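Chain by chain, the residues:
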Amino acid sequence: MKKLIEIKKKLANDWFKFLQKEMINQFQLLENGAGKKKKKKFFKRKRKKKKKKFFKQKREKKKKKEGGGISYLLSGGEIFDKIGINQSTVSGQFEKRFKSKILGAEKNGKYWASGISVVAHMKNPKIPALHFNTRFIVTSKAWFGGGMDATPSFKDNKEKKFIHQKLKKVCSLNNKNYNKYKKWCDEYFYLPHRREPRGVGGIFFDYEIREWEKNFKFVKDLGNEFINITKKIILNKNKLKWNKKDKDQQLYKRGRYVEFNLLCDRGTKFGLNSGGNTESILMSLPPLAKWK
C-alpha cells in the first residue's frame, strides 16, 4: 500500500511538471505572436520594435525533505499584463490549529502535496482573467482537487457559453457530474461581503478519493482543455479595440479579484499555512487594481 501511494505521487508530480512546461511553451508562442502584422510592399517608416517579454523562472526552496517548487512569471506583455504558472511539491506537518481542517490530517498533521496553478491577467480588458489549478494531496487520505474559472470585466454570453460547453464536455467524457462541479464553483467563487460572484464561474472539485486512475485522467484532460480554451479566447479577442475607460473597468473588477483571494480563497490559506513561498502564493494577484 505504501509503495502504491509513492507511485501515485510520482505520476501526479511528473504530470504537473510536464503540464507547466507545456503551458509555458503555448502561452509564450501566443505572446511572441502578438502585434505581428503582414508586411506591406510600399515603403513605410520603421517603428521601434517592442521588446519581447519572456517567462522568468523563480525557484522556491524549502528544507531538503520538504520539497519546493518553480514559478514562471511573465509581466508587461502585449497579451499578458501578468501570467504566473506555479508548480510545487511540498511535504511536512500542519500546525495543530490547522490540521483539523484538512481531510486525513487530524491525527498527526502530516501531508504531501503536489500541484499546478495558473492565473492570467490580460492586457486587453475585453479578455477575461483566467484561473486554473489541479492538485494531488496525501495525508492519511489521498485525493485530487482543482478547477478552472473565468473573470471577465465585460458581459459576453457567447464566451461564457463557450467556456461552459467545453468544461461540460470534459466532465462528460470522464463521467463527472458537471452540474455539481459548476454549482460548487459558483458557491466557492463568491464574495459574501459584496454579495456577488467573482466571475462567470467554471468548475471546481475537491476530495476526489475513489477511482484514482479515472480521476488522474480527468485532471490531465482538464489541464489540456484549459490550454485550448485560453488560446481560443485570446485569439478571438486580442485584436479588439479598447480605451482608458475600458481599462478602468478592468482594474475595478481586479479589485474584486484581490478581495476574494485574500479574504476567501482556501488555496491561499493552505499555501500560507503549509509554509509555502509567500510571493508564489500571492502570484495570483493582478499587477494593478482599483477601488472606488
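The structure presented is a predicted model; accordingly, all values stated were derived computationally and were not measured. (Residues numbered from 1 in each chain as written. Predicted model: local features only at pLDDT ≥ 70, side-chain atom pairs only at ≥ 80, totals over all residues. Heavy atoms only, no water.)

Things to note about a positive patch on the surface
Line of reasoning, step 1. Taken together, the side chains of Lys158, Lys166, Lys169 and Lys232 define a basic patch exposed on the protein surface.
Line of reasoning, step 2. Top contributing element to the positive patch by residue count: helix α3 (residues 157-173), with 3 residues.
Line of reasoning, step 3. By the element assignment, Lys158 lies in helix α3.
Line of reasoning, step 4. Lys158 gets classed as exposed once you look at its relative accessible area, which sits at 72%. (Patch = residues over 30% accessible without salt bridge, like charges linked within 9 Å, V, L, I, M, F, W, Y side chains within 5 Å. Areas by Shrake-Rupley, 256 points an atom, 1.4 Å probe, with all protein chains shown as cover. Salt bridge = Lys/Arg side-chain N within 4 Å of Asp/Glu carboxyl O. Lys, Arg positive; Asp, Glu negative; His and termini not counted. Charge placed at Lys NZ, Arg CZ, Asp CG, Glu CD. Helix = DSSP H or I, 4+ residues; strand = E, 2+ residues; numbered from the N terminus. Buried < 20%, exposed > 50% of the residue type's maximum accessible area, 1.4 Å probe, protein only.)

Details of the pairing of strand β5 (residues 129-138)
Line of reasoning, step 1. For β5, the tally of buried residues reaches 10 of 10 residues, placing the bulk of the element in the interior.
Line of reasoning, step 2. The side-chain alternation of β5 yields two buried faces, one formed by Ala129, His131, Asn133, Arg135 and Ile137 and the other by Leu130, Phe132, Thr134, Phe136 and Val138.
Line of reasoning, step 3. From the end of strand β4 (residues 110-122) to the start of β5, which pair antiparallel, there are 6 residues.
Line of reasoning, step 4. The pairing of β5 with strand β6 (residues 142-151) spans 10 bridges and is classified as antiparallel. By the bridge assignment, Phe132 is partnered in β6 with Met148.
Line of reasoning, step 5. Where β5 folds back onto β6 in an antiparallel hairpin, the turn is made up of 3 residues. (Pairing = 2+ DSSP bridges.)

Thoughts on the packing of α3 against helix α4 (residues 178-188)
Line of reasoning, step 1. At a minimum axis distance of 9 Å, the contact between α3 and α4 shows a crossing angle of 130°. Relative to α4, the element α3 lies oblique. Residues His164, Leu167, Lys168 and Cys171 of α3 touch α4, and the partners they reach there are Tyr178, Tyr181 and Lys182.
Line of reasoning, step 2. Here the contact of α3 with α4 is built from residues that sort into 4 nonpolar, 1 polar and 2 charged. (Axes fitted to C-alpha atoms, helices over the stretch in contact; angles between N-to-C directions. Parallel < 35°, antiparallel > 145°, perpendicular 65-115°, else oblique. Contact = heavy atoms within 4.5 Å. Nonpolar A, V, L, I, M, F, W, Y, C, P; charged D, E, K, R; others polar.)

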